[in-house]
Amino acid sequence: MSAAVSTMGLFEGTVVKIIVGLGNIGQKYECTRHNVGFEVLDELKKRLSLEPQQKKFDGKYVKFRVAECSAILLWPETYMNNSGRSVAAAAKFFKTPLDSVLLVCDDLSLPTGKLRMRKSGSSGGQKGLKDTIDQLGSQDFPRLRIGIGEAPGNWETADYVLGKFSKSERTTMDLAIIRSADAILCWLNEGIDSAMNNFNRD
């Protein structure tokens, strides 16, 4: 999906949409299952040729305008379990309504590479999502969950989510990251219903 991107007149008279990718900072966490949210934002930043990130909101962010939408990409640097602090700070600063805050995260309950866009819902045990719900005081914000598959029976969940994908899983996940970026652009341009209809399919 192509989109005209501008950094001029970014936030004049429009709602600032916030797209948050969840993950952990540091080289040892790069390309792990828990960091797919970061990878999706990295894909968007590259695809849209955005400027280097700025530091604020306990994280890094970059602002842009696509079609009629003013938006930011936000990478919290609080580590996964405290992600909500960064999200809440950005939402408060930009006065962004909850339905314009999109969280992107991994999900153990979905098969590897499967996408699920939802308008609201519980955390499903995802700790970064849970902390965001706690910090915002509501679960009524959209989220894009990306399946990483269930942990095998002989794995501790923490070890599994902080582990790296197998070669075949990596191929599947690379495609899922591209589709996730497409889904986010659809959300920005056409809204949540269109994104769900087009990207929640098997």
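Residues numbered from 1 in each chain as written. Predicted model: local features only at pLDDT ≥ 70, side-chain atom pairs only at ≥ 80, totals over all residues. Heavy atoms only, no water.

### A few points about the packing of helix H1 (residues 36–47) against helix H5 (residues 167–190)
Short version of the rule: Where helices are involved, their axes are fitted lines through C-alpha atoms of the stretch in contact, as for all axes, and angles between N-to-C directions lie from 0 to 180°. Helix and strand assignments follow DSSP, with helices taken as H or I runs no shorter than four residues and strands as E runs no shorter than two, numbered in order from the N terminus. Orientation is classified from the angle alone, with under 35 degrees giving roughly parallel, over 145 giving roughly antiparallel, 65 to 115 giving roughly perpendicular, and any other angle giving oblique. In a left-handed crossing the near helix is turned counterclockwise from the far helix by less than a right angle, and in a right-handed crossing that turn is clockwise. In what follows, a contact means two residues having at least one pair of non-hydrogen atoms within 4.5 Å. Gly is put with the polar residues, along with every residue not named as nonpolar or charged; the nonpolar set is Ala, Val, Leu, Ile, Met, Phe, Trp, Tyr, Cys and Pro, and the charged set is Asp, Glu, Lys and Arg.
It is the contact of H1 with H5, at a shortest axis distance of 9 Å, that shows an interaxial angle of 60 degrees. One finds that H1 runs oblique with respect to H5. Judged by the twist between their axes, the crossing of H1 over H5 is right-handed. Of the residues in H5, those in contact with Val36, Glu39, Val40, Glu43, Leu44 and Arg47 of H1 are Arg170, Met173, Ile177, Ile178, Ser180, Ala181, Asp182, Ile184 and Leu185. Per-class residue counts for the contact of H1 with H5 are nine nonpolar, one polar and five charged.

### So, the pattern of salt bridges
To keep it simple, the criterion reads: One side-chain nitrogen of Lys or Arg within 4 Å of one carboxyl oxygen of Asp or Glu is enough to make a salt bridge. Residue burial is assigned from relative accessible area. The probe radius is 1.4 Å, only protein chains are included, and a residue is buried under 20% of its type maximum, exposed over 50%, and partly exposed in between.
Applying the stated rule across the entire model yields eleven salt bridges. We note a salt bridge from arginine 47 to aspartate 182, for which the minimum N-O separation is 2.5 Å. Of the two residues, arginine 47 sits in helix H1 while aspartate 182 sits in helix H5, which places them 135 residues apart along the sequence. The class for aspartate 182 is buried, based on a relative accessible area of 16%. One salt bridge connects aspartate 107 with arginine 145, and the closest N-O pair in it is separated by 2.5 Å. Of this pair, aspartate 107 sits in strand E6 (residues 101–107) while arginine 145 sits in strand E8 (residues 143–147); the two residues are 38 residues apart in sequence, bridging distant segments of the chain. Owing to a relative accessible area of 7%, aspartate 107 belongs among the buried residues under this scheme. Judged by its relative accessible area of 16%, arginine 145 falls in the buried class. The network of salt bridges with common partners includes Glu39, Arg170 and Asp174.

### Examining the environment of phenylalanine 199
For phenylalanine 199, the position within the fold is in helix H6 (residues 192–199). On the basis of relative accessible area, phenylalanine 199 is assigned to the buried category, the value being 11%. Considering only alpha carbons, one finds phenylalanine 199 and leucine 108, 91 residues apart in sequence, at a separation of 18 Å. Leaving out residues up to four positions away in the same chain, phenylalanine 199 has contacts with Leu115, Arg179, Asp182, Ala183 and Cys186.

### Structural notes on the side chain of arginine 65
The test is simple: Pairs of N or O atoms within 3.5 Å make up the polar contacts considered here, provided that, within protein, one atom can donate a hydrogen while the other can accept it, and that residues adjacent in sequence are counted only when both atoms are side-chain atoms.
By the secondary structure assignment, arginine 65 is in strand E4 (residues 59–66). A distance of 2.7 Å separates the side chain of arginine 65 from the side chain of serine 70, its partner in a polar contact.

### Brief notes about the side chain of serine 100
As for its position among the elements, serine 100 is in the loop between helix H2 (83–94) and E6. Not counting chain neighbours up to four residues away, the residues in contact with serine 100 comprise Val15, Val16, Lys17, Ile18 and Trp187.

### Considering the pairing of strand E5 (residues 69–76)
Put simply, the test is: Note on pairing: two strands pair once DSSP finds at least 2 bridges between them.
Within E5, eight of the eight residues are buried, which leaves it mostly tucked inside the rest of the structure. Burial along E5 is two-sided: Cys69, Ala71, Leu73 and Trp75 and Ser70, Ile72, Leu74 and Pro76, pointing in opposite directions, are all buried. When strand E2 (residues 16–21) meets E5, the two strands line up parallel, connected through five bridges. Each bridged residue has a counterpart across the sheet, and for valine 16 the counterpart in E5 is serine 70. Note: E4 against E5, eight bridges, orientation antiparallel. Across the sheet, the residue bridging to lysine 63 is isoleucine 72, located in E5.

### Here we look at the packing of aromatic side chains
For the record, the criterion: Pairs were defined over the aromatic rings of Phe, Tyr and Trp, the Trp ring being its six-membered one, requiring ring centres within 6.5 Å. Orientation was assigned from the angle between planes: stacked under 30 degrees, edge-to-face over 60, tilted for the rest. Each ring is checked for a lysine NZ or an arginine CZ that lies within 6 Å of its centre and within 35 degrees of its normal; such an atom marks a charge sitting over the ring.
Enumeration over the complete set of coordinates arrives at seven aromatic pairs. One residue, lysine 17, lies across the ring of tryptophan 187, its end atom 4.8 Å from the ring centre. Between the NZ or CZ atom of arginine 33 and the centre of the ring of tyrosine 160, over which it lies, the distance is 4.0 Å.

### Quick word on the layout of surface pockets
Where empty space is left in the structure can be found by rolling a water-sized probe over the atoms. As a reminder of what qualifies: Any residue with an atom within 4 Å of a point lines the site, the site being either a cavity, points on a 1 Å grid over the protein atoms alone where a 1.4 Å probe fits but cannot get out, or a pocket, an open set with protein on both sides within 12 Å along at least 5 of 7 lines. Grid points are joined across faces, edges and corners, and a volume is the space filled by probe spheres set on the points.
Taken as a whole, the largest pocket spans an internal volume of roughly 380 Å³. What lines the largest pocket is a set of 19 residues, and nearest its centre among them are His34, Gly125, Lys127, Thr157 and Val161. Each residue belonging to the lining of the largest pocket can be placed in one class, and the counts come to seven nonpolar, nine polar and three charged. Each pocket or cavity is described by its volume, and for the second largest pocket that value is around 240 Å³. Taken together, 14 residues line the second largest pocket, and the ones lying closest to its centre are Asn24, Glu30, Asn35, Phe38 and Asp42. In terms of residue count, H1 provides more of the lining of the second largest pocket than any other element does, three residues in total. Tallied by class, the residues present in the lining of the second largest pocket amount to five nonpolar, four polar and five charged.

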